[in-house]
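# Notes for the structure review
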Amino acid sequence: MWAVIRHDEAHTSAFWKVTLACGHVEEVVAPALGWNPDDGPRLAEATRVERMIEEFEQFWDSDPMLQSERQREHTRRMLAAGWPRPRPERSCHTCPDARAIVAYQRVGWLVPRNEAPKPENPPPARPVLERRLRRAEAEAERLRVQLAGHEERQDA
């Protein structure tokens with residue numbers, strides 16, 4: 001199955017939330033980043049669909065227990081429709097059957113947003129700077145006194 005559906009190259013996907021006919025919400029992958037529901041589904045090439053039919057039939061013949069009959073019927077419907085992307089129906093994880101998609105809503109940004117540069121902090125106000133300077137000068141004076149006392153003891 002993986003050989004049938006895998007992508008050979010890395011790709012980026014856009015996700016849409018869909019409301020199913022049963023009322024439950026699921027998430028689907030759009031066929032392209034710029035896709036909108038108004039564009040309709042994209043169909044696979046006829047030759048690709050024919051190959052997929054053969055591959056699925058071989059897959060089902062090799063191990064009939066891998067997919068239920070219900071899942072096979074769904075796959076057959078999608079193949080008969082030209083393997084539309086996104087699919088017009090989706091299996092509901094809450095309900096037991098596939099349900100038609102009745103509404104779409106885009107999930108998040110299609111491309112990363114440009115981060116706005118953060119404003120630099122404004123310089124402190126003059127009284128704040130003057131207060132800091134007085135403290136620094138007082139500390140420097142205290143250190144000078146200690147240093148002078150230290151030198152006097154060494155001279156003695």
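All figures in this text were calculated on a predicted structure; none of them were measured in a lab. (Residues numbered from 1 in each chain as written. Predicted model: local features only at pLDDT ≥ 70, side-chain atom pairs only at ≥ 80, totals over all residues. Heavy atoms only, no water.)

## Observations concerning the overall build of the protein
For the protein, the helix and strand inventory stands at 4 helices and 4 strands. Overall, the protein shows an N-to-C arrangement of helices and strands of α-β-β-α-α-β-β-α. Looking at the protein as a whole, 19% of its 156 residues qualify as buried. Taking all contacts inside the protein whose residues are at least 6 apart in sequence as the whole, residues at least 24 apart take part in 53%. (Helix = DSSP H or I, 4+ residues; strand = E, 2+ residues; numbered from the N terminus. Buried < 20%, exposed > 50% of the residue type's maximum accessible area, 1.4 Å probe, protein only. Contact = heavy atoms within 4.5 Å.)

## What about the pattern of salt bridges?
In total, this model carries 7 salt bridges according to the counting rule given. In this structure, E57 and R76 form a salt bridge, with 3.8 Å as the shortest nitrogen-oxygen distance. Of the two residues, E57 sits in helix α2 (residues 46–62) while R76 sits in helix α3 (residues 69–80), which places them 19 residues apart along the sequence. Using a relative accessible area of 31% as the deciding quantity, one classes E57 as partly exposed. The partly exposed category is assigned to R76, whose relative accessible area is 30%. For the salt bridge of E139 with R142, the shortest nitrogen-to-oxygen distance reads 2.4 Å. A residue pair is termed a helical-turn pair when its members lie 3 or 4 positions apart in one helix, as E139 and R142 do in helix α4 (residues 126–155) at 3 residues. Its relative accessible area of 34% is what places E139 among the partly exposed residues. By relative accessible area, R142 is classed as partly exposed at 40%. (Salt bridge = Lys/Arg side-chain N within 4 Å of Asp/Glu carboxyl O.)

## Focus on the nonpolar core
The tendency in soluble globular proteins is for nonpolar side chains to be buried as a group. In this structure, A14, W16, V18, L20, V28, A30, W35, C92, C95 and I101 together form the largest nonpolar core, which totals 10 residues. Ranked by residue count, the leading element in this core is strand β1 (residues 15–20), at 3 residues. In this structure W35 touches W16, A30, G40, R42, P86 and Y104, once residues within four positions along its chain are discounted. Counting residues in each nonpolar core, the second largest holds 8 residues, with V49, M52, F56 and W83 among its members. (Core = buried A, V, L, I, M, F, W, Y, C linked by side-chain atoms within 4.5 Å.)

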